Amino acid sequence: MAFAIEEINRNPALLPNITLGYRLYENCVNLAVALRAATALISGEDDSVTDYSCTGTPPVLAIVGDPGSTHSIAISRMLGLFRMPVVSYYATCSCLSNRKEFPSFFRTIPSDAFQVKAMVQILRHYGWTWVGVIASSDDYGQSAVKSFIEEVNKFGCIAFSETLPSVNPRMRIHQIINTIIQSTARVIVVFSSEAYFIPVAEEIVLQNITDRQWIASEAWTTSTLLLREGNFLSFGGTIGIAIRKGEIPGLKQFLLKLNPVDDSNNILINEFWEKTFDCKFQVKSNDSYTEVQSSNICTGSENIEKSKTAYSDVSELRASYNVYKAVYALAHSLHNLMSCEPGKGPFQNNSCADITTVQPWQMLHYLARVNFTTHYGDRVSFDENGDALAIYDVMNWQRADDGAVKTVTIGLFDESAPAGQQLTLNEDKIFWNMESKRPPRSVCSESCQPGTRKATRKGEPLCCFDCVPCAEGEISNQTDSVECFKCLSDFWSNPSRDQCVLKEIEFLSYEETLGISLTTISVLGACISAGVLAVFIYYRNTPVVRANNSELSFLLLLSLILCFLCSLLFIGQPLHLTCMLRHVVFGISFVLCISCILVKTIVVIMAFRATLPDNNVMKWFGTAQQRGTVFVFTVIQALICIIWLSSASPVPFKNMQYQNSKIIFQCNVESITGFSFLLGYIGLLASVCFLLAFLARNLPDNFNEAKFITFSMLIFCAVWIAFIPAYVSSPGKYSDAVEIFAILASSFGLLIAIFAPKCYIILLHPEKNTKKVLMGRAGPRK
């Protein structure tokens, strides 16, 4: 402060013809002393007052200080009543930004609100969401920790919060140490001055607590009392926020001019000299010198330039630089006050302040608007709350080449920079005091990966959670997702639950094993039927073929070919056309088949009746009537199909209800009534046919076809009775497979039961395929 004022007084461009004066007071780290000093400054109680009219220049226009937040709060409340400007160089409590409570308070050090922002950005940068915080019990610590907790809770959690005792009771310190040891937080933030934190730091070193990342507030980041080699094992790698460092040209030379001879009455200089040079001054009393019991007597001529002390070290000018800026801010304010043009002033009637009678409140007006740049290139101005521009150096505790502990600047925080660019860090310069030599992990729970969601643990902070996998059909595609999102109806979650993929469309395909097998059997059945038809056509004039109504047999074989081939309509992706055709072709083919068998059964019965005397019934059921009967039965089924298709035609349908992960592509019959009539009519004809064949099974005929028809109808009815529950209970494509199986099984049953015995005689025993043999077997037994 003294150097800055002397420098200003020597500067002809700043405050010409004005000489600044000053008084220095020591607050003794005591609030009462600080208040008494402030009172003395504004009242001028040390002055000899001769102007009893209370006019003239006040004793003091502004005060630089106090460095402590608690002192500044008390002093500023009092001085605010007088509108006396107070410029602090070290009080950082964010509460001092309240303009209603502290209308005349300014500071050249950033508010804790900005320091907290800088710390929070460091925490965010490294993903530290689980942190402990320790704060001093004064206004500085408590205000800072309150703001810090509010900011951290926006993205993380506080593992613990401890308050440092002001009188350092051992029990309380041990409680804090135990909390640090037991906590899983690996990052600990400390808002405190060195005086409060040193006892706890000593205990941390004593108990060899390592593997912790310390974040230091500006109050102890550059503390020479803590930057000791013995503390490095526990506190090495500490990242701290430091006041912006500056350069003050000429300050070192000014400091080295210190000499006890020039200022013999300054007790502090004598004590400093004795401590620095390990000597003692002779004490003069009653015109004689008192003998000093020391081997080294101070002469005052010792060379201070050769001594290395914190006093002469100007490499880390931080708090001193703030004092320098505070003095220059007041000087520039006073200079602007003097530069006011009459009639253009800021006060009543556009008046200007008179330098000879200037008042503190006038000085306050100009101080709020001061704006200049220092030698170091830093701009000095105050915002609407009296706060300085927030610029911090980010420091890192590292070991020097000689083994000492030093602070290294590793980054910068500039509040005025664009969003996202306020914090800059030089990662290569950072020393991490960890085994991995990498930034530590400090989280209560590891991040939940995509495919899971966070589930908070009951009774624990929000940062402590379990990662629960998303349910089927739900996904989370972000880290630490709070909830899972349902996929759209046509989509389903992939196995890792981090992406919605199109649902698998399931239908009975020609490419799969089941589809290939059923297709092969269907084609094989149709080929066998066609082969049997060819045999019957070729041997159409033989007795076996002619005796079994060759025309109906041909028609029956054609219908069986259709029955085998209609099963192919149930395989492949359902289309609107195939959905309509599959049941129509199936229904008509089987009705045609059963109609032929039914007519053959009737013919067998009629033929037996015709052999009786005076019975000519066959003339009423000849070939034309047989054809007509088959046609009528088939037309009835065709009408049922036409009515069904016209009222509620079967359509392709994506069934998503049965299996959520798949789309079952099937044909929806739409009308259960239509489908029931179709199956019911087939069942009715089959039942009548079975009943007639069963009644005619014992007719006296050696080649009784009724027995074979009975057996075939027994197979047919058994298959379709078993089909109903199997069809209802089969999922997806397997319902189509069950229906195909029923079609094939019943078709093969009819083909084998009716035509296998005939083919056996025709192909393997042609000697029995004669009229004589057939007629002979029909005769009476010997």
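Residues numbered from 1 in each chain as written. Predicted model: local features only at pLDDT ≥ 70, side-chain atom pairs only at ≥ 80, totals over all residues. Heavy atoms only, no water.

1. Some details on empty space enclosed by the protein
One way to see where empty space is left: roll a probe the size of a water molecule over the atoms. The tally for this structure, following the rule as stated, stands at two cavities of 30 Å³ or more. Roughly 140 Å³ of internal volume is contained in the largest cavity. Every residue lining the largest cavity is counted, 14 residues in all, and those nearest its centre are Thr108, Lys325, Arg379, Ala388 and Leu389. Among the secondary structure elements, those contributing two or more residues to the lining of the largest cavity are helix H11 (319-338) and strand E12 (379-381). Ranked by the residues each element gives to the lining of the largest cavity, the list is headed by E12, at three residues. Per-class residue counts for the lining of the largest cavity are seven nonpolar, three polar and four charged. (1 Å grid on protein atoms, 1.4 Å probe; cavity = no way out; pocket = protein on both sides within 12 Å on 5 of 7 lines; lining within 4 Å. Points joined across faces, edges and corners; volume = space filled by probe spheres on them. Helix = DSSP H or I, 4+ residues; strand = E, 2+ residues; numbered from the N terminus. Nonpolar A, V, L, I, M, F, W, Y, C, P; charged D, E, K, R; others polar.)

2. Brief notes about the side chain of asparagine 322
Inspection of the secondary structure puts asparagine 322 in helix H11. Residue asparagine 322 is classed as buried on the basis of its relative accessible area of 1%. For asparagine 322, the contacting residues outside a window of four places in its chain are Tyr89, Thr108, Ile109 and Ile243. (Buried < 20%, exposed > 50% of the residue type's maximum accessible area, 1.4 Å probe, protein only. Contact = heavy atoms within 4.5 Å.)

3. Focus: the packing of aromatic side chains
Applying the stated criterion across every chain yields a total of 31 aromatic pairs. Ring centres of phenylalanine 232 and phenylalanine 431 lie 5.6 Å apart, and the angle between their planes is 25°; on these two criteria the pair is classed as stacked. Highlighted residues: phenylalanine 232 in helix H8 (residues 232-235) and phenylalanine 431 in the loop between strand E15 (423-425) and strand E16 (452-456), separated in sequence by 199 residues. For phenylalanine 232, a relative accessible area of 7% corresponds to the buried category. The exposure class of phenylalanine 431 is partly exposed, given its relative accessible area of 23%. When the ring of phenylalanine 564 is compared with that of phenylalanine 748, the centres are 4.7 Å apart and the planes differ by 65°; the resulting orientation is edge-to-face. Within this pair, whereas phenylalanine 564 is found in helix H15 (residues 550-566), its partner phenylalanine 748 is found in helix H20 (residues 733-764), the two being separated by 184 residues in sequence. With respect to burial, phenylalanine 564 and phenylalanine 748 carry one shared label: buried. Taken together, Phe197, Trp214, Trp220, Phe235 and Trp397 form an aromatic cluster joined through their ring pairs. Taking NZ or CZ as reference, arginine 99 lies 4.7 Å from the ring centre of phenylalanine 106, over its face. (Phe/Tyr/Trp six-rings, centres within 6.5 Å; stacked < 30°, edge-to-face > 60°. Lys NZ or Arg CZ within 6 Å of the ring centre and 35° of its normal.)

4. Focus: the packing of helix H13 (residues 513-538) against H20
Running from amino to carboxyl end, H13 crosses H20 at an angle of 25°, the nearest separation of the two axes being 10 Å. One element, H13, and the other, H20, form an angle in the roughly parallel class. The handedness of the crossing between H13 and H20 comes out as left-handed. Packed against H13, whose contacting residues are Leu514, Leu518, Ile521, Ser522, Gly525, Ile528, Ser529, Val532, Val535 and Phe536, the element H20 presents Tyr734, Ala737, Ile740, Leu744, Phe748, Leu751, Phe755, Lys758, Cys759, Ile762 and Leu763 at the interface. Counted by class, the contact of H13 with H20 contains 17 nonpolar, three polar and one charged residues. (Axes fitted to C-alpha atoms, helices over the stretch in contact; angles between N-to-C directions. Parallel < 35°, antiparallel > 145°, perpendicular 65-115°, else oblique. Left-handed = near helix turned anticlockwise from the far one by under 90°.)

5. Some thoughts on the sheet that holds strand E2 (residues 86-88)
Spatial ordering of the open sheet is given by E1-E2-E3, a layout of three strands whose pairing is parallel. Looking at strand neighbours, the two that pair on one side only are strand E1 (63-64) and strand E3 (105-107), the edges of this open sheet. Sheet topology places E2 next to E3; three bridges connect them, and they run parallel. Considered in E3, the bridge of serine 88 is made with arginine 107. (Pairing = 2+ DSSP bridges.)

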